[in-house]
Amino acid sequence: MEMNRSWMYCSRSNMVFKEGVKNFLNFAFSYGSSSGMILCPCRDCGNGIYRTRDDVEAHLLWRGFKPRYYNWTAHGETSFRNDIGSHSLNVDDVNDDMEGLLNIHIKQ
Ligand SMILES: [Zn+2]
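Conventions we followed
Residues numbered from 1 in each chain as written. Predicted model: local features only at pLDDT ≥ 70, side-chain atom pairs only at ≥ 80, totals over all residues. Heavy atoms only, no water. Donors = N, O, S within 2.8 Å, 3.2 Å for Na, K, Ca; no water. Tetrahedral: all angles 85-135°; square planar, octahedral: opposite > 155°, others 65-115°. Helix = DSSP H or I, 4+ residues; strand = E, 2+ residues; numbered from the N terminus. Buried < 20%, exposed > 50% of the residue type's maximum accessible area, 1.4 Å probe, protein only. Salt bridge = Lys/Arg side-chain N within 4 Å of Asp/Glu carboxyl O.

Here we take up the coordination of the zinc ion. Surrounding the zinc ion are the protein donor atoms Cys 40 (SG), Cys 42 (SG), Cys 45 (SG) and His 59 (ND1), at 2.0 to 2.3 Å. Between the four donor atoms coordinating the zinc ion, the angles at the centre fall across 104 to 115 degrees, so the site counts as tetrahedral. Positions of the donor residues of the zinc ion along the chain correspond to the pattern C-x1-C-x2-C-x13-H. With Cys 42 in the loop between strand E1 (37–39) and strand E2 (50–52) and His 59 in helix H2 (residues 53–63), this pair connects stretches of sequence that are 17 residues apart. His 59 shares its class with Cys 42; the two are buried.

Glancing now at the pattern of salt bridges. Any two side chains of opposite charge can pair, on the condition that their charged atoms come close. Applying the stated criterion across every chain yields a total of three salt bridges. Of the charged contacts in the structure, one is a salt bridge between Lys 22 and Glu 19, with a shortest N-O distance of 3.9 Å. In this pair, Lys 22 and Glu 19 both sit in helix H1 (residues 15–31), three residues apart, roughly one turn of the helix. One salt bridge connects Asp 44 with Arg 63, and the closest N-O pair in it is separated by 3.4 Å. Of this pair, Asp 44 sits in the loop between E1 and E2 while Arg 63 sits in helix H2, placing them 19 residues apart in sequence.

Look at Ser 35: it is not a glycine, yet its phi comes out positive at around 55 degrees. Looking at the element boundaries, Ser 35 is found in the loop between H1 and E1. The phi dihedral of Asn 47 falls on the positive side, at around 65 degrees, and the residue is not glycine. Tracing the sequence through the fold places Asn 47 in the loop between E1 and E2.

Here it is as structure tokens:
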């Protein structure tokens, strides 16, 4: 699993973002959907509303992801914190900054 999610908050006209949205949708729908819909993680819906793939893609391309949704826990991904807990990391070095957690993850 690619843990570098910096693309999620780069320019939405950037190809990296558009490709990332596709990958996100593939990931979310491979995990499972409800009547062909998943929770929309866009800025407005905030994982509170089920929408179709086309709708979610449009929302993300127009509005972007809700803030700091690096860890796709509403879409089948296990928590990074649990992952880190299973490694022999010094917990004292881990702060609550999600980007810090991501950096630690990438270096492993
Ligand atoms: Zn939405």
